[in-house]
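Given next are the chains, with one letter for each unit.
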Amino acid sequence: MCGIVGYCGPKKAADVLLEGLKRLEYRGYDSAGICVNNMGNLRTIKRTGKIKDLRNIVPVTFEGHTGIGHTRWATHGEVTDENAHPHSDDSEKIVLVHNGIIENYQTIKNKLIVEGHTFKSDTDSEVIAHLIASLYTGNLESAVKETVFLLKGTYGLAVMHKDIPDKIVGVRNGSPLVVGIGDSEMFLASDVTAIMAHTKQVIYLEDKELVVITPDSYKTFDFNEQELQKKVENIGWDLDQIEKDGYDYFMEKEIYEQPESILRAFVGRIDREGATGHLGGLNMTPAELINIKRIQIVAAGTSYYAGMVGAYLIESIARIPASTELASEVRYKNPVVQPDTLYFVVSQSGETADTLYAMKELQRKGARVLGVCNVVGSTIPRKSDGGVYIHSGPEIAVASTKAFTSQITVFYVLTLILARMRHLSFEEGIRIVSALESVPDKLREIFKDTNSIHDIAKRYSKYENFLFLGRGLNYSVALEGALKLKEISYIHAEGYSSAEIKHGPIALINENTPSLFLVPDDNLRDKVINNIKEVKARKGKVIAIAVKGDDEVAKIVDDVIWIPSADPLTYPYLMVVPLQLFAFYSAIELKRDVDQPRNLAKSVTVE
Ligand code: AGP
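## A few points about the overall build of the protein
And then number 1: A tally of helices and strands in the protein yields 19 helices and 27 strands.
And then number 2: The globule rule puts the C-alpha radius of gyration for 607 residues at 25 Å, and the 26 Å found for the protein is close to it.
And then number 3: Considering only C-alpha atoms, the protein reaches an extent of 80 × 55 × 45 Å along its principal axes.
And then number 4: Going through the 607 residues of the protein one by one, you find that 61% of them count as buried.
And then number 5: Here the contacts in the protein between residues at least 6 apart in sequence split such that 71% fall between residues at least 24 apart.

Below you can see the structure in the form of structure tokens.
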């Protein structure tokens, strides 16, 4: 998704901008550009393709100490050099980069065309540059402020004026923007990773806030031009944490990190003495928690599947009716909000537009909405009524892996708390605690031998369609496994409850459509085995993920990925990790861009 970097200071701006844009690559983009102001001489360079290609065409003479840069992920207008940012007005005095979508851009554009403006791109963003230029009377921040009153939609903007070589105006409404405070240098960025090599002191802008930066100063204002005193915060993550750590791919590194990241999600949150947990960030008293009659979890993509695991745990163990809904559907269905329902929004990035808007809609109706997020200081944690960080550390690969297992960990702890407040006995509580504590070592056991998963992925990567089948707690894991394979290998895969295949999908089964069955040794194992037999009877190839020693499964399937025997409650962890590896190895075999799959963005900040 689009990214913004801005710089004012003593360094060569082009270098800082290109480095910042490189750090934003993980968000996904299709084109990039920078503009620097060299003593009143604006120089812009932009093109489709990767940052390294842009870097190759930036001349060494590209001087200037103030500048803005952008990675674009096309929304309005095709992927072309002209549509890449930065954009400028006719006089080429105003130049800007924009994240978000301007809904009324066409109306404004038509009016400006009548007034004589000509446009070089098809973007909604260029319209903003023309509008600022038409309202500019010598004060850049005033022109920007007047402009945003005319815009409908979402924007994170960084704006420069040719005649003011050491100033950038930033403004936020619905698209994140953060100010970095350095030593005689200031930064702007849509995401802290772009600037954290230079400073850890940041200010997060809220919606309808504007900032003016120069090398030595920053001033923040609301849209009524009232100056604001904003809190300076310290970024907790190290840049080192973002490096690949010896692995070839971020996704690979993030898969193997899971024993530690899962631990971080529950450490300090378990109370063995009380066989329960603590989640301080919920901001709820025990009396409030006991009065909850229903829980609804709202999210998108992988976070939605993690939410499904959460809802299953809460309903089956804490005995509170719980369900999961797609964030994109919640906003527009005029949801019914009831006072005794507690809502959770789940989001790795904390910036997913669908989830954010669903949260706002629920809050508008009076709901109490808690966040389960990874990125500290992102919009959802700041705007929710409380919540829990999953502490995964930066997740760079577009395909989410460690965030999923940490999100479900938070739901295990939440389930424990809610269940122990109700009927769950001390002994049953301890069983959950022990099960959770055993997960990191069980995963390490899986990691000791991943060759068989690699080998199976290699042999099956020639197939074009897959079914992923699981039941109970592992039904959502099957959906997540199918999503993982689709998004990074581009192999078509559908996830179903294995009980559902007889209601339609079994028609797809033949020797060219393999099925991947999740077969834990739980109460549904025998039923899953029956489903495997139904597929085998139709000449379908079957891979099973099964528990070591389950000879009956080994006899009826074509290939098995073995996992260690464990408490059935923990199988979602032990099933999902081999599925992540299966997708990863399939993508490697097919020579896909594992960390940045086509058409996808890490953080989906448009609806
Ligand atoms: C996961 O692999 C996906 N790339 C995607 O489905 C993602 O989970 C979804 O966009 C939600 O993102 P979030 O967790 O940052 O809100």
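## Quick word on the nonpolar core
And then number 1: Counting residues in each nonpolar core, the largest one holds 97 residues, and the members touching the most others are Ile-295, Ile-314, Phe-344, Phe-466, Phe-468 and Phe-582.
And then number 2: Formed jointly, this core draws a minimum of three residues from each of two domains, domain 2 (246-446) and domain 3 (449-593).
And then number 3: Once you skip the residues sitting within four places of it in the chain, Ile-314 turns out to touch Ile-295, Ile-297, Arg-319, Ile-320, Ala-322, Phe-411, Leu-414, Thr-415 and Leu-418.
And then number 4: In terms of nonpolar packing, the next biggest core, distinct from the first, is built from 29 residues, Val-5, Ala-14, Val-178 and Tyr-204 among them.

## A short note on the site of the ligand
And then number 1: Contacts to the ligand come from 15 residues, most closely from Ser-303, Ser-347, Ser-349, Thr-352 and Glu-487.
And then number 2: Ser-303 has a polar side-chain atom sitting 2.5 Å from an oxygen atom of the ligand.
And then number 3: Within the side chain of Ser-349, a nitrogen or oxygen atom sits 2.7 Å from an oxygen atom of the ligand.
And then number 4: In isolation the ligand offers 410 Å² of accessible surface; the protein chains occlude 91% of this area.
And then number 5: Those elements that provide at least two residues to the shell around the ligand are helix H9 (301-318) and helix H16 (475-489).

## Focus on the sheet that holds strand S24 (residues 492-497)
And then number 1: Strand order in the open sheet formed by five strands is S24-S23-S25-S26-S27, and the pairing between neighbours is parallel. Taken across any chain shown, the strands that pair with only one partner, and hence form the sheet edges, are S24 and strand S27 (559-563). Neighbour to neighbour, the strand axes of the sheet diverge by 20° on average, direction disregarded.
And then number 2: Here strand S23 (residues 465-470) pairs with strand S25 (residues 515-519) via three bridges, running parallel. Within S25, the residue paired with Leu-469 across the bridge is Phe-517.

## Describing the domain arrangement of the protein
And then number 1: Split by domain assignment, the protein resolves into domain 1 (3-235), domain 2 (246-446) and domain 3 (449-593).
And then number 2: Centre-to-centre separation of domain 1 and domain 3, based on C-alpha positions: 46 Å.

## Some points on a negative patch on the surface
And then number 1: Together, Glu-78, Asp-81, Glu-82 and Asp-122 make up a region of like negative charge exposed at the surface.
And then number 2: Positionally, Asp-122 belongs in the loop between helix H3 (105-114) and helix H4 (124-135).
And then number 3: On the basis of relative accessible area, Asp-122 is assigned to the partly exposed category, the value being 47%.

## Things to note about helix H15 (residues 451-460)
And then number 1: All of the buried residues along H15 are Ile-453, Ile-456, Ala-457 and Tyr-460. Looking down the long axis of H15, one finds its buried residues gathered within 100° of arc, a one-sided arrangement.
And then number 2: Its buried side turned inward, H15 meets S23, strand S26 (542-547), S27 and helix H19 (571-589).

## Things to note about the packing of H9 against H16
And then number 1: It is the contact of H9 with H16, at a shortest axis distance of 8 Å, that shows an interaxial angle of 165°. The angle between the axes of H9 and H16 places the two elements in the roughly antiparallel class. In this structure, H9 meets H16 at a crossing whose hand is left-handed. Every residue of H16 that contacts H9 at Gly-301, Thr-302, Tyr-305, Met-308 and Val-309 is listed here: Tyr-475, Ser-476, Leu-479, Glu-480, Leu-483 and Lys-484.
And then number 2: Residues of the contact of H9 with H16, tallied by class, amount to six nonpolar, three polar and two charged.

## Remarks on unusual backbone geometry
And then number 1: The omega torsion of the bond from His-85 to Pro-86 falls at 5°, within 30 degrees of zero and hence cis.
And then number 2: Turning to its location among the elements, Pro-86 is positioned in the loop between strand S4 (66-72) and strand S5 (87-88).
And then number 3: Even without being a glycine, Asn-283 presents a positive backbone phi close to 55°.
And then number 4: With respect to the helices and strands, the residue Asn-283 is situated in the loop between strand S17 (276-277) and helix H8 (286-290).
And then number 5: The backbone of Asn-599 sits at a positive phi, close to 65°, despite the residue not being glycine.
And then number 6: Turning to its location among the elements, Asn-599 is positioned in the segment after H19.

## Regarding the pairing of strand S11 (residues 201-204)
And then number 1: Relative to S11, strand S9 (residues 178-181) is paired through three bridges, and the arrangement is antiparallel. Following the sheet pairing, Gly-180 is matched in S11 by Val-202.
And then number 2: Relative to strand S15 (residues 233-234), S11 runs antiparallel, the two being bridged by two bridges. Following the sheet pairing, Gln-201 is matched in S15 by Asn-234.

## Considering the sheet that holds strand S2 (residues 31-38)
And then number 1: Read across the open sheet, the eight strands follow the order S3-S2-S4-S1-S10-S9-S11-S15; overall the sheet is antiparallel. Across the chains shown, the open sheet's two edge strands, defined by having one partner strand only, are strand S3 (41-48) and S15.
And then number 2: Summarising the sheet, strand S1 (residues 3-8) and S4 pair through six bridges and their orientation is antiparallel. Within S4, the position partnered with Gly-6 by the bridge is Ile-68.

## A few points about the packing of H9 against helix H13 (residues 402-421)
And then number 1: The geometry of H9 relative to H13 is characterised by a closest axis approach of 9 Å and an angle of 20° between their N-to-C directions. Judged on the interaxial angle alone, H13 and H9 are roughly parallel. The chirality of how H9 crosses H13 is right-handed. Only Phe-404, Gln-407, Ile-408, Phe-411, Tyr-412, Leu-414, Thr-415, Leu-418 and Ala-419 of H13 make contact with H9, whose side of the interface consists of Thr-302, Ser-303, Tyr-305, Ala-306, Gly-307, Val-309, Gly-310, Leu-313, Ile-314, Ile-317 and Ala-318.
And then number 2: For the contact of H9 with H13, the per-class residue count stands at 14 nonpolar, six polar and no charged.

## What about the packing of aromatic side chains?
And then number 1: In total, this model carries 13 aromatic pairs according to the counting rule given.
And then number 2: Between Tyr-460 and Tyr-463, the ring centres sit 5.7 Å apart and the planes meet at 40°, which makes this aromatic pair tilted. Taken individually, Tyr-460 and Tyr-463 each receive the classification buried, so the pair is uniform in this respect.
And then number 3: What links up through ring pairs into an aromatic cluster is the set Tyr-460, Tyr-463, Phe-466, Phe-468 and Phe-582.
And then number 4: Note that Lys-109 overlies the ring of Phe-119, its terminal NZ or CZ placed 5.1 Å from the centroid.
And then number 5: Lying over the aromatic face of Tyr-490, Arg-598 brings its terminal NZ or CZ to 3.8 Å of the ring centre.

How each quantity is defined
- Residues numbered from 1 in each chain as written.
- Predicted model: local features only at pLDDT ≥ 70, side-chain atom pairs only at ≥ 80, totals over all residues.
- Heavy atoms only, no water.
- Helix = DSSP H or I, 4+ residues; strand = E, 2+ residues; numbered from the N terminus.
- Rg over C-alpha atoms; globule rule 2.2 N^0.38 Å.
- Buried < 20%, exposed > 50% of the residue type's maximum accessible area, 1.4 Å probe, protein only.
- Contact = heavy atoms within 4.5 Å.
- Core = buried A, V, L, I, M, F, W, Y, C linked by side-chain atoms within 4.5 Å.
- Domains from an automatic or database assignment.
- Near = heavy atom within 4 Å.
- Polar contact = N/O pair within 3.5 Å; in protein donor to acceptor, adjacent residues only side chain to side chain.
- Areas by Shrake-Rupley, 256 points an atom, 1.4 Å probe, with all protein chains shown as cover.
- Pairing = 2+ DSSP bridges.
- Axes fitted to C-alpha atoms, helices over the stretch in contact; angles between N-to-C directions.
- Patch = residues over 30% accessible without salt bridge, like charges linked within 9 Å, V, L, I, M, F, W, Y side chains within 5 Å.
- Salt bridge = Lys/Arg side-chain N within 4 Å of Asp/Glu carboxyl O.
- Lys, Arg positive; Asp, Glu negative; His and termini not counted.
- Charge placed at Lys NZ, Arg CZ, Asp CG, Glu CD.
- Arc of directions from axis to C-beta.
- Parallel < 35°, antiparallel > 145°, perpendicular 65-115°, else oblique.
- Left-handed = near helix turned anticlockwise from the far one by under 90°.
- Nonpolar A, V, L, I, M, F, W, Y, C, P; charged D, E, K, R; others polar.
- Phe/Tyr/Trp six-rings, centres within 6.5 Å; stacked < 30°, edge-to-face > 60°.
- Lys NZ or Arg CZ within 6 Å of the ring centre and 35° of its normal.

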